[in-house]
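Single-letter residue listing:
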Amino acid sequence: MKLYYAETLNPRKACAVARHLELPVEHVHVDLAKGEQKRPEFLALNPNGKVPVLQEADGRTLWESDAIMCRLSQIAGSDLWPTDPDRQIDVLRWLAWDLQHFTRHGGALYFEHIIKPRFGLPPDPAAAESATGFFKTSAAVLEGHLAGRRWLLGDRLTVADFAAAITLPYAAPAKLPLDGFPAIQRWHGRLCELAAWREPWPPK
Ligand SMILES: N[C@@H](CCC(=O)N[C@@H](CS)C(=O)NCC(=O)O)C(=O)O
């Protein structure tokens, strides 16, 4: 099974879950700066021209990092993507919320402060200010939920934690406004206890 990745935000989720589950994944690096994701052979795997992409041994391909995390969990027979209906719906709720709110705005700050400078572009102050405000609004929701809980679903780690926390390793350079959100910081501290979270990338 091949996992096409680059060392950026969304592939990080898939790489972290693959490593956490100790799956026998062959990592294929895609050089985004060279535009390899827009080449016909890659577009045949993912017409969006984006990483990550999972290609299974039978040739099936799957794009979208959240779906890939769930598929990897299925393959490993792991409860990271629960099969119990109530818990599975709760994971789906947090994945949807995260895409629309927390990581949407954290991702915008990551883009303004980390990705744009890599290409010699300055951050857009208005976009950064707007994303900062929306990030704080959704962080307050997450903070309230995490108070008294170990993980998003309570006692058990799930793919929802891997998704919703994905901007947090970049908190300082992305200028994420995390002051005043101690439960979020403690939650990320627990994730940082996992080797796969700290170092999700394959060795070079
Ligand atoms: N919703 C997609 C987003 C994937 C995505 O935006 N990937 C970025 C890297 S983090 C990418 O490949 N960018 C290259 C490009 O857009 O040309 C997912 O979660 O997999």
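On a predicted model such as this, the values are computed, not experimentally measured, just so you know. (Residues numbered from 1 in each chain as written. Predicted model: local features only at pLDDT ≥ 70, side-chain atom pairs only at ≥ 80, totals over all residues. Heavy atoms only, no water.)

**Q** I tried to follow the pattern of salt bridges on my own but got confused; where do I start?
**A** Considering all chains together, one arrives at ten salt bridges under this definition. Between Lys13 and Asp66 there is a salt bridge, with its nearest N and O atoms 2.8 Å apart. Taken as a pair, Lys13 in helix H1 (residues 9–20) and Asp66 in helix H3 (residues 65–76) lie far apart in primary sequence, 53 residues in all. Take Lys13: its relative accessible area is 1%, and that puts it in the buried class. The exposure class of Asp66 is buried, given its relative accessible area of 9%. Between Asp79 and Arg156 there is a salt bridge, with its nearest N and O atoms 2.8 Å apart. Of this pair, Asp79 sits in the loop between H3 and helix H4 (85–118) while Arg156 sits in the loop between helix H5 (125–146) and helix H6 (159–164), and the two are 77 residues apart along the sequence. Relative accessible area serves as the criterion here: at 27%, Asp79 is assigned to the partly exposed category. (Salt bridge = Lys/Arg side-chain N within 4 Å of Asp/Glu carboxyl O. Helix = DSSP H or I, 4+ residues; strand = E, 2+ residues; numbered from the N terminus. Buried < 20%, exposed > 50% of the residue type's maximum accessible area, 1.4 Å probe, protein only.)

**Q** Please clarify how the nonpolar core should be interpreted in this entry.
**A** In a soluble, globular protein the nonpolar side chains are often hidden away together inside. The biggest cluster of nonpolar side chains holds 58 residues, and the ones touching the most others in it are Leu142, Leu152, Phe162, Ile184 and Trp187. Counting contributing residues per domain, this core is built from domain 1 (2–76) and domain 2 (85–198), each supplying no fewer than three. Apart from residues lying up to four places away in sequence, Ile184 is in contact with Phe102, Ala139, Leu142, Glu143, Leu146, Leu168 and Leu178. Membership of the second largest hydrophobic core comes to seven residues, among which are Val30, Phe42, Leu45 and Val53. (Core = buried A, V, L, I, M, F, W, Y, C linked by side-chain atoms within 4.5 Å. Domains from an automatic or database assignment. Contact = heavy atoms within 4.5 Å.)

**Q** What is the right way to read the sheet that holds strand S4 (residues 61–63) from this model?
**A** Strands belonging to one sheet form pairs held by backbone hydrogen bonds; the direction of such a pair is parallel or antiparallel. The strand order S2-S1-S3-S4 describes an open sheet built from four strands, whose pairing is mixed. Both outer strands of the open sheet, strand S2 (26–29) and S4, are each paired with one neighbouring strand and no more. The sheet shows a mean angle of 20° between the axes of neighbouring strands, direction not considered. One ladder, built from four bridges, connects strand S1 (residues 2–5) with S2; its direction is parallel. (Pairing = 2+ DSSP bridges. Axes fitted to C-alpha atoms, helices over the stretch in contact; angles between N-to-C directions.)

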